[in-house]
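Analysis of the macromolecular model
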Amino acid sequence: MKKQRNKIIHIPTTYEIFICLSAMPIYSKILLINEDEQPYTNFLKWLIEKDFYNGRKSKKITIQKIATEYQTNSTKVTKWIKQIYKQIIELNSEKPELFQENQIKVCMIIQHFDNLCFFYLFLPVLPREYETISIPFLKAKLVTSTFWVKQVEYEVDKNKISINLTLDGASLNKYRELSIDKALFQEKIGIMDLYYKHSFELDSILNKLYRN
C-alpha cells in the first residue's frame, strides 16, 4: 500500500478573502438577493455600499479598520467575511444560473497542489487547451488567480450539453506535460504517480528520465 504524501492545503487569511470579495462585488450582490437573512446580512449591505473599499483606500484597509468603522469587533468581521465567501461558492455550485450572463455555461474544475474548487463561469467563448484564465475571486481558495486549461470535456445527455474545463494553477510548461504523457506511454511512471507525488517530485523523475 502506497504511503499517502503530505498534502499542501492553503488556509487563507481573512484579508486574502476580503480582497477576493472586493474583486467581484457582483457576487456578493447575488448572494444578498438570493439568500435568506443571515447574521452577516447588514454587514454585507454596508460593504456593498462602500464598494468593498475599492479605490485608493483599499490598499490601506485592514480587518481591524473595517470592524472599527462598522462599530463591531474584528472577531465578528472575520467570521462574517469567511461565511460570505464560503456561501458564494456554495450558491454558485447549487444555483449556477444565478450567475448567468447569457453566455456559455462552463463548470471549472480547478486544482493547485491539493487545493480543489468547482466553480461555474459564463464565458463569451470557450478557451482551448493550454490557454490561461485569470479568476481573482478564487485566489484565497487556490493560492493563485491564474490557471491554464488542462482539459476541455463535452458531455451530451438527453440533448443537453455540459462543458467541463479542468484547470491547473501550476506554472504552464507544455514540454513538461508532453514529457508526462511520454513517460506514461513508456510505462516509466504509473497513473497513480500523478496522484501520490507532488509536481516537484514528478519534475525530478522526468529530469532524470529525459536528461539527454
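Residues numbered from 1 in each chain as written. Predicted model: local features only at pLDDT ≥ 70, side-chain atom pairs only at ≥ 80, totals over all residues. Heavy atoms only, no water.

Helix and strand counts for the chain stand at nine helices and five strands. Shown N-terminal to C-terminal, the secondary structure of the chain runs as helices and strands in the order α-α-α-α-α-β-β-β-α-β-β-α-α-α. C-alpha atoms of the chain, sized along the principal axes, occupy 65 × 45 × 35 Å. Looking at the 212 residues of the chain, the share that counts as buried comes to 37%. Considering only intrachain contacts with a sequence separation of at least 6, the fraction spanning at least 24 residues in the chain is 54%. (Helix = DSSP H or I, 4+ residues; strand = E, 2+ residues; numbered from the N terminus. Buried < 20%, exposed > 50% of the residue type's maximum accessible area, 1.4 Å probe, protein only. Contact = heavy atoms within 4.5 Å.)

The next thing to look at is the sheet that holds strand β5 (residues 160–168). The sheet built from five strands is open, its strands ordered β2-β1-β5-β4-β3 with mixed pairing. Two strands close off the open sheet at either side, each with one partner strand: β2 (115–123) and β3 (132–134). On average, adjacent strands in this sheet sit at an angle of 35° to one another, irrespective of strand direction. Pairing between strand β4 (residues 146–157) and β5: nine bridges, direction antiparallel. Each bridged residue has a counterpart across the sheet, and for Gln151 the counterpart in β5 is Thr166. (Pairing = 2+ DSSP bridges. Axes fitted to C-alpha atoms, helices over the stretch in contact; angles between N-to-C directions.)

Time to look at helix α1 (residues 14–23). Residues three or four positions apart in an α-helix share a direction because the helix packs 3.6 residues into each turn. Among all positions in α1, only Thr14, Ile17, Phe18, Cys20, Leu21 and Ser22 are buried. If you follow the buried residues of α1, they end up packed against α2 (25–34), α3 (41–49), α4 (63–70), α5 (74–94) and α6 (139–142).

Here His112 shows up in strand β1 (residues 104–112). Here Leu142 takes part through its backbone oxygen, which lies 2.9 Å from a polar atom of the side chain of His112. Filtering out sequence-adjacent residues up to four positions away, His112 remains in contact with Leu142, Val143, Thr144, Gly169 and Ala170. (Polar contact = N/O pair within 3.5 Å; in protein donor to acceptor, adjacent residues only side chain to side chain.)

Okay, the pattern of salt bridges next. Tallying each qualifying case throughout the model produces six salt bridges. A salt bridge links Arg128 to Glu131, with the nearest nitrogen and oxygen atoms 3.0 Å apart. With a relative accessible area of 29%, Glu131 lands in the partly exposed category. A salt bridge links Glu177 to Arg176; the nearest nitrogen and oxygen atoms lie 3.1 Å apart. Grouping residues by exposure puts Glu177 and Arg176 together as buried. (Salt bridge = Lys/Arg side-chain N within 4 Å of Asp/Glu carboxyl O.)

Bringing unusual backbone geometry into the picture now. Where the residue is not glycine, phi is negative for most of them; where a peptide bond is considered, it is trans in most cases. Of note in the backbone geometry, Asp51 takes a positive phi value of approximately 55° without being a glycine. Under the relative-accessibility criterion, Asp51 is labelled partly exposed at 36%. Phi at Gln71 takes a positive value of approximately 65°, unusual for a residue other than glycine.

None of this, on its own, says anything about what the molecule does.
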